Amino acid sequence: MDDFAEIYQSYYARVHRYLLSLSGSEQQADSLTQEVFYRALLHIGAYRNCRSMFAWLCAIGKNAWLDACRKQKRLVSAEDALQQMPSTAPDPEAVTLERERQSALRSAVLELPGIYRDVVILHVYGEIPLREIAAQKGKSESWGKVTFCRAKRMLAQKLEGLK
């Protein structure tokens, strides 16, 4: 049990950040993070050392988020999630512009084809190295780099079209 406590302490913040990027809601990210560690504790015997612990926890988190989305029968829109987040910036115009930019970016990421979306979310929001993402998918490190590069190009095109 001490080993799992170390896992919890080591990965809680990163898993929470990853789930916050998926859900856009602090409350939902809190709930999902707890669910991830509960599921991980129940199924720790299924963990294979060939993958990183963080990647395994993120896979559990993504499945928990998808389960929650199915239960809600709708995805939380990025705009709604951003409106629920408190703003610390004093300038309302800057806050509005930043919200629009974040909303457009989050929407563009969610509209990417599956594998590209997964690589971007895991690498950017989950801070998982491309090498680990590629290994998790059974691919080479260069595949991870190329996939991420293509995803960035797709995002740039989508966001350029919005201007």
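These numbers were taken from a predicted model, which means no experiment stands behind them. (Residues numbered from 1 in each chain as written. Predicted model: local features only at pLDDT ≥ 70, side-chain atom pairs only at ≥ 80, totals over all residues. Heavy atoms only, no water.)

Participant: Mind showing me how you'd approach the nonpolar core here?
Facilitator: What tends to happen in soluble globular proteins is that the nonpolar side chains get buried as a cluster. V15, Y18, L19, W56, L57, V120 and I128 are the most contacted members of the largest nonpolar core, which has 38 residues in total. Among the secondary structure elements, those contributing two or more residues to this core are α1 (2-23), α2 (26-42), α3 (53-72), α5 (92-111), α6 (114-125), α7 (130-136) and α8 (141-162). A total of eleven residues in this core trace back to one element, the largest contributor, which is α3. Once residues within four sequence positions are removed from consideration, L19 is found in contact with G24, A29, L32, T33, V36, G61 and K62. (Core = buried A, V, L, I, M, F, W, Y, C linked by side-chain atoms within 4.5 Å. Buried < 20%, exposed > 50% of the residue type's maximum accessible area, 1.4 Å probe, protein only. Helix = DSSP H or I, 4+ residues; strand = E, 2+ residues; numbered from the N terminus. Contact = heavy atoms within 4.5 Å.)

Participant: Honestly, the environment of I133 in this entry has me stumped. Any pointers?
Facilitator: Here I133 is to be found in helix α7. The spacing of I133 and L122 is eleven residues in sequence and 7.4 Å in space, taken between C-alpha atoms. Those residues in contact with I133 that sit more than four places away from it in its chain are V119, L122, H123 and I128.

Participant: Which parts of the structure should I look at to understand the layout of surface pockets?
Facilitator: Taken as a whole, the second largest pocket holds about 240 Å³ of empty space. Those elements that place two or more of their residues in the lining of the second largest pocket are α1, α3 and α6. Take the lining of the second largest pocket: its biggest share by element is seven residues, from α3. Along the lines of polarity and charge, the residues of the lining of the second largest pocket split into eleven nonpolar, two polar and four charged. (1 Å grid on protein atoms, 1.4 Å probe; cavity = no way out; pocket = protein on both sides within 12 Å on 5 of 7 lines; lining within 4 Å. Points joined across faces, edges and corners; volume = space filled by probe spheres on them. Nonpolar A, V, L, I, M, F, W, Y, C, P; charged D, E, K, R; others polar.)

Participant: Would you mind going over α2 with me for this structure?
Facilitator: With 17 residues, α2 should cover 24 Å at 1.5 Å per step; its first-to-last C-alpha distance of 24 Å lies within 8% of that length. Within α2, the full set of buried residues consists of Q28, A29, L32, T33, V36, F37 and A40. Viewed end-on, α2 has its buried residues packed into an arc of 165°, placing them on one side of the element. Exposed side chains of α2 directed beyond 90 degrees from the buried face belong to Q27 and L42. (Expected span 1.5 Å × (residues − 1). Arc of directions from axis to C-beta.)

Participant: How should I be thinking about empty space enclosed by the protein in this particular structure?
Facilitator: Taking a probe equal in size to a water molecule and rolling it over the atoms shows the remaining empty space. Throughout the structure, instances matching the rule amount to one cavity of 30 Å³ or more. For the largest cavity, the calculated volume is near 40 Å³. For the largest cavity, the full set of lining residues is S21, R106, V109, L110, I121 and Y125. Secondary structure elements with two or more residues in the lining of the largest cavity: α5 and α6. Sorting elements by how many residues they give to the lining of the largest cavity places α5 first, with three residues.

Participant: Before we go on, may I ask you to explain the packing of α5 against α6 in this structure?
Facilitator: To characterise two packed helices, one gives the angle between the axes of the helices and the distance between these axes. Following both chains from N to C, one finds α5 and α6 inclined at 135°, their axes separated by 8 Å at the closest point. Between α5 and α6, the angle falls in the class oblique. For the pair α5 and α6, the contacting residues are L105, V109 and L110 in the first and R117, V120, I121 and Y125 in the second. Of the residues contributing to the contact of α5 with α6, the split by class is six nonpolar, no polar and one charged. (Axes fitted to C-alpha atoms, helices over the stretch in contact; angles between N-to-C directions. Parallel < 35°, antiparallel > 145°, perpendicular 65-115°, else oblique.)

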